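Here is how the chains run, residue by residue.
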Amino acid sequence: MAQKPSIPKGTRDFNAEQVAKRSYIMDTIKRQFQLYGFQPIETPSFENSETLMGKYGEEGDRLIFKILNSGEYLNKVSDNDYNSKSEVQITPKISEKALRYDLTVPFARYVVQHQNDIVFPFKRYQIQAVWRADRPQKGRFREFYQCDADVVGSKSLLQEVEFVQLYDAVFTTLKLNGTTIKINNRKILSGIAEVIGAQDKLIDFTVALDKLDKIGEEKVKAEMLNKGIPDDGITKLQPLFSLKGDFGDQVDGLKSILNTSEIGLKGIEELEFIDTAISNLGLKSAKLQLDVTLARGLNYYTGAIFEVSAPEGVKMGSIGGGGRYDDLTSIFGKPDTSGVGISFGLDRIYLVLEELKLFPNTIADATKVLFINFGEKEAMVCLNAVTKLRAEGIKAELYPDTVKMKKQMTYANRRQIPYVVLVGEQELESKTFTLKQMETGEQKLLTLQDLVSELY
RNA sequence: GUGGUUGUAGCUCAGUUGGUUAGAGCGCUGGUUUGUGGUACCAGAUGUCGUGGGUUCGAGUCCCAUCUUCCACCCCA
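Residues numbered from 1 in each chain as written. Chains lettered and ligands numbered in written order. Predicted model: local features only at pLDDT ≥ 70, side-chain atom pairs only at ≥ 80, totals over all residues. Heavy atoms only, no water.

This next bit is on the overall build of chain A. Assigned secondary structure in chain A consists of 20 helices and 16 strands. Its C-alpha radius of gyration of 29 Å places chain A more than 25% over the 23 Å reference for a compact globule of 456 residues. Seen along its three principal axes, the alpha-carbon backbone of chain A occupies a region of about 95 × 65 × 50 Å. In chain A, which comprises 456 residues, the share counted as buried stands at 49%. Restricting the contact set of chain A to residue pairs at least 6 apart, pairs at least 24 apart contribute 69%. In the structure as shown, chain A presents an accessible area of about 24000 Å², 49% of it carried by carbon and sulfur atoms. Within chain A, the 63 negative side-chain charges are centred at a point lying 5 Å from the centre of the 59 positive side-chain charges. (Helix = DSSP H or I, 4+ residues; strand = E, 2+ residues; numbered from the N terminus. Rg over C-alpha atoms; globule rule 2.2 N^0.38 Å. Buried < 20%, exposed > 50% of the residue type's maximum accessible area, 1.4 Å probe, protein only. Contact = heavy atoms within 4.5 Å. Areas by Shrake-Rupley, 256 points an atom, 1.4 Å probe, with all protein chains shown as cover. Lys, Arg positive; Asp, Glu negative; His and termini not counted. Charge placed at Lys NZ, Arg CZ, Asp CG, Glu CD.)

Turning next to the sheet that holds strand β4 (residues 97–99). Taken in spatial order, the three strands line up as β2-β4-β3 in an open sheet, and their pairing is antiparallel. Both edges of this open sheet fall to β2 (46–48) and β3 (66–67), since each of them pairs with a single strand only. Inspection of the sheet shows β2 paired to β4 by three bridges, in the antiparallel sense. Residue pairing in the sheet places Glu-47 in a bridge with Ala-98 of β4. (Pairing = 2+ DSSP bridges.)

Time to look at the pairing of strand β5 (residues 122–131). Burial of β5 is extensive: nine of the 10 residues sit out of reach of the surface. By the bridge criterion, two bridges tie strand β1 (residues 39–40) to β5 in an arrangement that is parallel. By the bridge assignment, Gln-39 is partnered in β5 with Arg-124. The sheet contact formed by β5 and strand β6 (residues 143–152) spans 10 bridges and is antiparallel. Each residue of the ladder has a partner; that of Val-130, found in β6, is Phe-144.

Take the domain arrangement of chain A next. Much of the literature gives interface size as the accessible area that the parts lose upon coming together. Looking at the assigned domains, one finds that chain A contains domain 1 (16–64 + 101–355) and domain 2 (366–455). Each of domain 1 and domain 2 has a C-alpha centre, and the two are 53 Å apart. (Domains from an automatic or database assignment.)

Glancing now at the sheet that holds strand β13 (residues 396–398). On the basis of which strands lie adjacent, the open sheet formed by five strands has the order β13-β12-β14-β15-β16 and mixed pairing. Among the strands making up the open sheet, the edge pair consists of β13 and β16 (443–446). Each strand of the sheet is rotated relative to its neighbour by a mean of 25°, with strand direction disregarded. Relative to strand β14 (residues 419–422), strand β12 (residues 369–372) runs parallel, the two sharing four bridges. Within β14, the position partnered with Ile-372 by the bridge is Leu-422. Along the sheet, helix α17 (residues 376–391) contacts β12, β13 and β15 (433–437); its crossing angle with β13, the most-contacted strand, is approximately 165°. (Axes fitted to C-alpha atoms, helices over the stretch in contact; angles between N-to-C directions.)

What follows is about the pattern of salt bridges. Tallied over the full model, the rule gives 15 salt bridges. Close ionic contact of Arg-415 with Glu-397 constitutes a salt bridge, the shortest N to O distance being 3.0 Å. Of the two residues, Arg-415 is situated in the loop between α18 (405–414) and β14 and Glu-397 in strand β13; the sequence distance between them amounts to 18 residues. Put simply, Glu-454 and Lys-444 hold a salt bridge, and the shortest N to O gap is 2.6 Å. (Salt bridge = Lys/Arg side-chain N within 4 Å of Asp/Glu carboxyl O.)

This next bit is on unusual backbone geometry. With omega at -5°, the peptide bond leading from Phe-120 into Pro-121 counts as cis. Among the structural elements, Pro-121 can be located in the loop between α6 (104–113) and β5. One non-glycine residue, Lys-175, lies in the positive phi region at around 65°. With a phi close to 55°, Asp-336 is a non-glycine residue in the positive phi region. Relative to the assigned elements, Asp-336 resides in the loop between β10 (320–325) and β11 (339–345).

What follows deals with the packing of α17 against helix α20 (residues 448–455). Between α17 and α20, the shortest axis-to-axis distance is 10 Å and the interhelical angle comes to 40°. When the interaxial angle is binned, α17 and α20 end up oblique. Crossing angle aside, the handedness with which α17 passes α20 is right-handed. Each of Ala-385, Lys-388 and Leu-389 in α17 lies in contact with α20, whose residues at this interface are Leu-448, Val-452 and Leu-455. (Parallel < 35°, antiparallel > 145°, perpendicular 65-115°, else oblique. Left-handed = near helix turned anticlockwise from the far one by under 90°.)

With that settled, the discussion passes to the nonpolar core. Core analysis: the largest hydrophobic core is formed by 97 residues, its most contacted members being Ile-25, Phe-205 and Phe-344. Dropping the residues within four chain positions of it, Ile-25 is found in contact with Leu-174, Leu-346, Ile-349, Tyr-350, Leu-353 and Phe-359. (Core = buried A, V, L, I, M, F, W, Y, C linked by side-chain atoms within 4.5 Å.)

Buried residues of helix α16 (residues 346–355): Leu-346, Asp-347, Ile-349, Tyr-350, Val-352 and Leu-353, and no others. Close packing links the buried residues of α16 with α1 (16–35), β6, α7 (158–173) and β11. Immediately downstream of α16, the backbone of Lys-357 shows phi near 55°, a positive value.

Looking now at the environment of Asn-48. Structurally, Asn-48 is set in strand β2. With a relative accessible area of 45%, Asn-48 lands in the partly exposed category. For the pair Asn-48 and Glu-96, spaced 48 residues apart in sequence, the C-alpha to C-alpha distance is 6.0 Å. If we ignore the near neighbours within four places in the chain, the residues touching Asn-48 are Glu-96 and Lys-97.

Moving on to the environment of Gly-341. As for its placement among the helices and strands, Gly-341 is situated in strand β11. Sequence separation between Gly-341 and Arg-324 is 17 residues, and the spatial gap between their C-alpha atoms is 6.5 Å. Here Gly-341 is in contact with Ala-149, Asp-150, Phe-163, Gly-322, Gly-323 and Tyr-325, once residues within four sequence places are set aside.

Scanning the entire structure with this criterion turns up 16 aromatic pairs. Ring centres of Phe-33 and Tyr-125 lie 5.3 Å apart, and the angle between their planes is 45°; this geometry places the pair in the tilted category. Of the two residues, Phe-33 sits in helix α1 while Tyr-125 sits in strand β5, which places them 92 residues apart along the sequence. Phe-33 sits in the buried class, given a relative accessible area of 0%. On the accessibility criterion, Tyr-125 (5% relative accessible area) is buried. Centroid distance Tyr-167 to Phe-306: 6.5 Å. Interplanar angle 75°. Geometry classified as edge-to-face. Of the two residues, Tyr-167 is situated in helix α7 and Phe-306 in strand β9 (residues 304–309); the sequence distance between them amounts to 139 residues. Of the two residues, Tyr-167 and Phe-306, neither departs from the other in class, the shared state being buried. Put simply, the rings of Phe-33, Phe-38, Tyr-125, Phe-163, Tyr-167, Phe-171, Phe-306 and Phe-344 pair up and form one aromatic cluster. A cation over a ring is seen here: Arg-12 above Phe-141, with NZ or CZ 3.6 Å from the ring centre. Positioned above the aromatic ring of Phe-107 is the side chain of Arg-124, whose terminal nitrogen or guanidinium carbon lies 3.9 Å from the ring centre. (Phe/Tyr/Trp six-rings, centres within 6.5 Å; stacked < 30°, edge-to-face > 60°. Lys NZ or Arg CZ within 6 Å of the ring centre and 35° of its normal.)

Below, the structure is given as structure tokens:
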């Protein structure tokens, strides 16, 4: 194994079993998307750089995979730029395309580009790979799949309500019980920032607040202070840190903080609407939880923010996220088109299902019957039977070589093929087939007709 | 992008202060059983010790670089 080949960091190969498990998740999500009225689209793996750059903040730009131009790309770089060694200067000159970083921004581009052909409100789903030049960790890859569903062209909060139901429906179908759908609202965060006099530091404020769970109250306050949020403002936040209880209690607490903020109160109103609707409709296995510290995600969200966490005890980042963005298409020249959407993290859901052993064991859709190869003559008879079985939709195969039976049986075992058929001299003479069930060892002598109906 | 961690047979790992031919379990191949597998018993093969340099009489073991893995930041699915 001198020069063992390898694949780039953060990428993976998938074997047959893994592919089957991934399709199981994808098919489940797809079925629910369709039940909720979403239509599939696909977009290219790579986009023009200007479509993607600047949409995810400075941090995001750094994580976008850029594609080197073809040909004599260095000719376009002036000596001045070349000598500057500044990537900000040079990158746009040598790279005009980039791999997509998520599915939402390409979707926004799609909506604007095809706006005259689209019927609004437009409900689309999209299941494709995205790429990030991130440093890999568990559940964190450089190539991974997102499963997105979005609606554009409707401001109705009923969409948010339906997305909560959709999350619940998918995770319930996957038998992943105990997920928590956390919800927050950007307007509330804006309201709080307004009240404490930090409107211009909304991002810093939310990033710090988001860490409350992780690093605790004191460190969050320290970070806010560090970022230039006024001391007396942080004092006003005190009730926020002690928010407890159910949805209603937390909302009451928020109201006391936000009573002077119009936008904040609007956010609360939206949250209450969603909560009330969901309470009436009921959820099957997930629970909806207000989490005012929830602030992660792209900063293009303007209303509801969602994040789904795995059941307690599973160490995994969020397995889904989403929210409302009122202005995403305006960056591509189409204002006043409100959108809201959610995303499922396929690869993380996979890891969670694996850890909790929730994949059905019938998932490996393997061959049902293997014909043992005794020789040329026998093989021809077998091939005839195999053809007939396949015509009936039964997965059948003939072992290609006339080798020791032990080897052929072992092959059936390793491939987890439940039945084998033996056709030797005796069967050849009597025009019959010996069907053996591998698990029980039980054998039956059958005609071709009976063999087909037995395996059907 | 910052700091740390990991890499030995197909897999999981052991390998003593640097010292001769690098080990175990599982798996694999063959046999006991040339028309019956999963159990048992017997026999066998595995490797440029992640890669490239360096120190040394001598390196799996020490040093440097690089790639990979995982972790904490950052950010996020």
